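These are the residues of each chain, in order.
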Amino acid sequence: MRILHTSDWHIGRRFKGVDLAEYQRRALNWLIDVVRREHVDVVCVSGDVYDSPMPSAASVDILDDALTRLSSIVDDAGRPAVDVIVTPGNHDSARKLGFGAHMMRDNVHLRCSIDDIATPVVVTRPRTASPAAADGAPGENGVGGRRGSTAVETLAVYAVPYLDPDIARPTLRAMLTDAHADAASILRSHEGVMGAAMSLIRADIARRRASNPRMRTVMMAHAFVSGANPSDSERSIAVGGVDSVPAAMFAGSGLDYLALGHLHRAQKVTIPQDGRGAGGAGRTPVARYSGSLLAYSFSEGCVPPREGNGKGVVIVDMDDNHADAAEPSIRTLDVESGEPPLVQLRGTPDELLGPLAERHARDWVSVTVVCDAYPHGMYQKIDAAYDHALEKRFDIRRRSRTDGGDRAMANLHEAHSEIDVLKDFVRYTLHRDPTVDETAVLRQAVERTLGETDDGPVKDSAEKSSAAKGSATKTAAGKPAGKGRD
Ligand SMILES: [Mn+2]
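Residues numbered from 1 in each chain as written. Predicted model: local features only at pLDDT ≥ 70, side-chain atom pairs only at ≥ 80, totals over all residues.

1. Re the overall build of the protein chain
- From N to C terminus, the protein chain includes eleven helices and 19 strands.
- Within the protein chain, the fraction of its 486 residues that count as buried is 37%.
- Nonlocal contacts in the protein chain, meaning residues at least 24 apart in sequence, comprise 70% of its contacts between residues at least 6 apart. (Helix = DSSP H or I, 4+ residues; strand = E, 2+ residues; numbered from the N terminus. Buried ≥ 20, exposed ≤ 12 C-beta atoms within 10 Å, placed from the backbone. Contact = placed C-beta atoms within 7 Å.)

Laid out in structure tokens, this is it:
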């Protein structure tokens, strides 16, 4: 059985104002080609399909097109060759992504409901590797099965949508109660709800393996498994300050492969053996994050920079010729999205406008200018030197060491007026007092800003400001010594 594991498509995502739809379309075209070329049996999309719970019409079109084409791939006999399994992530609306799930083609599985987590998608295929093994246990005639063939291998895919602790807890509690398991102890945490899900899934795996010891298992989950390495483009899912589930939870679960989504960097996750692994059904899975389809933050650029930013999908091969199953074999393939290299550049104005600009003129760059003082016209020069300077920053260094270490940018306690704060800021950044001209500009800006506030036409604000004056008067009256004494 060949599985393609991918996640975090984030269809509809923009990057620093750039629409990524074109690159997402190219990446999915490539993915569909891979599925066809590599004779993939099952495609697992582990969450964050869309970037938003309210995807645009254009985003819905992209997913519709991908699912239609994937599910239309046929084998030599003209039968559907691919099962596509999709689960929602923390960016998706499970309800909306799951719309029409029951009416989809038999080989399209939108698994968006918590009720289904312990009911796997069962995929069967004719056994290919070893014809001699055909005397084994007949596989279940599940979805996508080849009817009439008893020489089948069976894969059970548990599809776990992103489990929000507050939303998932009541449902999981009811499911555990139905299963006569301990339902009282689900903590309000990712560990709590994933632990509950795992206890239901473990029990189901053990039950199915009892009748079909050769059955292979995959679990899709959208979660932050502790020990893994995040990037800058995942949205935090912390609850009570904790955002992760311990990797040890999956030890001895009976799973063969854990297809993770959520973290955008592709990586293997080590599941520690904790002793629970002993016993027939209790194998410990190989676990991986496939990573996102495209790079969605500068922190995901690769070294050396290259098109597609090293994003990949995972190809997992498992045969079931032995009940004492070997570890699945894993390959990763680079996504061909055409996404330009994402590059973070840092240097002096000369470096940035010289050699670095030559090398990275067409890349998508984040530029940090290191200098003593704000160089005149630098924004425009950067834009002239680079086609896509998507981020521009300045790291202004102090000119002399006698300036006094960690001087504050502005001292709000001692400032008497807005202009004092601005003058402090000029001293902090340029290490000198503002000139007369500069002071005039600053004063003008302050007056204009204050004027705009005062001109506010709303009666409310007049009342508020008089109320504020009132309280200020009271405070002053209460502290006749005035400011500076407390
Ligand atoms: Mn994501």
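2. Considering the pairing of strand β19 (residues 388-396)
- Two elements, strand β18 (residues 364-371) and β19, share eight bridges in a ladder whose sense is parallel. Bridge pairing links W364 to H388 in β19. (Pairing = 2+ DSSP bridges.)

3. Considerations on the nonpolar core
- Counting residues in each nonpolar core, the largest one holds 105 residues, and the members touching the most others are V43, V157 and A197.
- Top contributing element to this core by residue count: helix α5 (residues 190-211), with eight residues.
- Summarising the domain contributions, this core has at least three residues from each of domain 1 (2-334) and domain 2 (342-478). (Core = buried A, V, L, I, M, F, W, Y, C linked by C-beta atoms within 7 Å. Domains from an automatic or database assignment.)

4. What to know about the sheet that holds strand β7 (residues 121-126)
- Here we have six strands laid out as an open sheet, ordered β7-β8-β9-β12-β14-β13, and mixed in their pairing. Either end of the sheet is taken by a strand with one partner, and the two such strands are β7 and β13 (267-269). The mean inter-strand angle of the sheet, taken between neighbouring strand axes irrespective of direction, is 25°.
- Judged from the three bridges that link them, β13 and strand β14 (residues 286-289) form a sheet pairing that is antiparallel. (Axes fitted to C-alpha atoms, helices over the stretch in contact; angles between N-to-C directions.)

5. Some details on the sheet that holds β19
- Strand order in the open sheet formed by three strands is β17-β18-β19, and the pairing between neighbours is parallel. Strand pairing shows two members of the sheet lacking a second neighbour, β17 (342-347) and β19, which therefore form its edges. Taking each pair of neighbouring strands and ignoring which way they run, the sheet shows an average axis angle of 15°.
- Summarising the sheet, β17 and β18 pair through six bridges and their orientation is parallel. Across the sheet, L342 pairs through a bridge with W364, a residue of β18.
- Taken strand by strand, helix α8 (residues 378-385) contacts β18 and β19, and its axis lies near 145° from that of β19.

6. With respect to the environment of S244
- Take S244: it is sitting in strand β11 (residues 244-245).
- With 18 residues separating them along the chain, S244 and S226 place their C-alpha atoms 5.3 Å apart.
- Look past the residues within four positions of S244 in its chain and what remains in contact with it is H190, F224, V225 and S226.

7. Here we look at the confidence of the model for the protein chain
- On average, residues of the protein chain score 85 in pLDDT, and 83% of them reach the 70 mark or higher.
- Taken together, the stretch residues 130-149 has pLDDT below 50 and engages in 42 contacts with residues farther than four places along the chain or on a different chain. (pLDDT = per-residue confidence, 0-100.)

8. Description of the environment of S329
- Checked against the element boundaries, S329 lands in strand β16 (residues 329-334).
- Accessibility expressed as a C-beta count within 10 Å gives 12 for S329, which makes it exposed.

9. A few points about helix α1 (residues 21-37)
- Taking 1.5 Å per residue, 17 residues should reach 24 Å; α1 reaches 24 Å between its end C-alpha atoms and fits that length.
- Every buried residue of α1 is listed here: Y23, Q24, A27, L28, L31 and V35. Along the axis of α1, the buried residues cluster in a sector spanning 130°; they form a single face. Exposed side of α1, more than 90 degrees from the buried face: E22, D33 and R37 are the residues found there.
- Buried-residue contacts for α1 involve β1 (2-6), β4 (42-46), α2 (57-72) and β15 (312-317).
- Within two residues after α1, H39 carries a phi angle of roughly 55°, on the positive side. (Expected span 1.5 Å × (residues − 1). Arc of directions from axis to C-beta.)

10. Describing the packing of helix α4 (residues 165-178) against α5
- It is the contact of α4 with α5, at a shortest axis distance of 10 Å, that shows an interaxial angle of 30°. One element, α4, and the other, α5, form an angle in the roughly parallel class. In this structure, the crossing between α4 and α5 has a hand that is left-handed. Contacts between α4 and α5 involve P165, A168, R169, L172, M175 and L176 from the former and H190, G192, V193, A196, A197 and L200 from the latter.
- Of the residues assigned to the contact of α4 with α5, the class counts are nine nonpolar, two polar and one charged. (Parallel < 35°, antiparallel > 145°, perpendicular 65-115°, else oblique. Left-handed = near helix turned anticlockwise from the far one by under 90°. Nonpolar A, V, L, I, M, F, W, Y, C, P; charged D, E, K, R; others polar.)

11. Comments concerning unusual backbone geometry
- A cis geometry characterises the amide bond from V303 onward to P304, with omega recorded as -10°.
- Tracing the chain through its elements places P304 in the loop between β14 and β15.
- Phi at H431 takes a positive value of approximately 60°, unusual for a residue other than glycine.
- Structurally, H431 is set in the loop between α9 (418-430) and α10 (436-454).

12. Considerations on the packing of α1 against α2
- The N-to-C vectors of α1 and α2 enclose an angle of 10°; their axes lie 10 Å apart at closest approach. Our classification of the angle between α1 and α2 gives roughly parallel. Here α1 contributes A21, Q24, R25, L28, I32 and V35 to the contact with α2, which in turn contributes A58, I62, A66, R69 and L70.
- Among the residues making up the contact of α1 with α2, the classes are represented as eight nonpolar, one polar and two charged.

13. Digging into the pairing of strand β8 (residues 152-159)
- Across the eight residues of β8, eight count as buried, placing the element largely inside the fold.
- By the alternation rule, side chains of β8 split into V152, T154, A156 and Y158 and E153, L155, V157 and A159, which are all buried.
- Pairing of β7 with β8, which is carried by six bridges, proceeds in the antiparallel orientation. Bridged to V122 within β8 is A156.
- In this structure, β8 lies alongside strand β9 (residues 216-222), joined through five bridges in parallel fashion. Within β9, the position partnered with Y158 by the bridge is M219.

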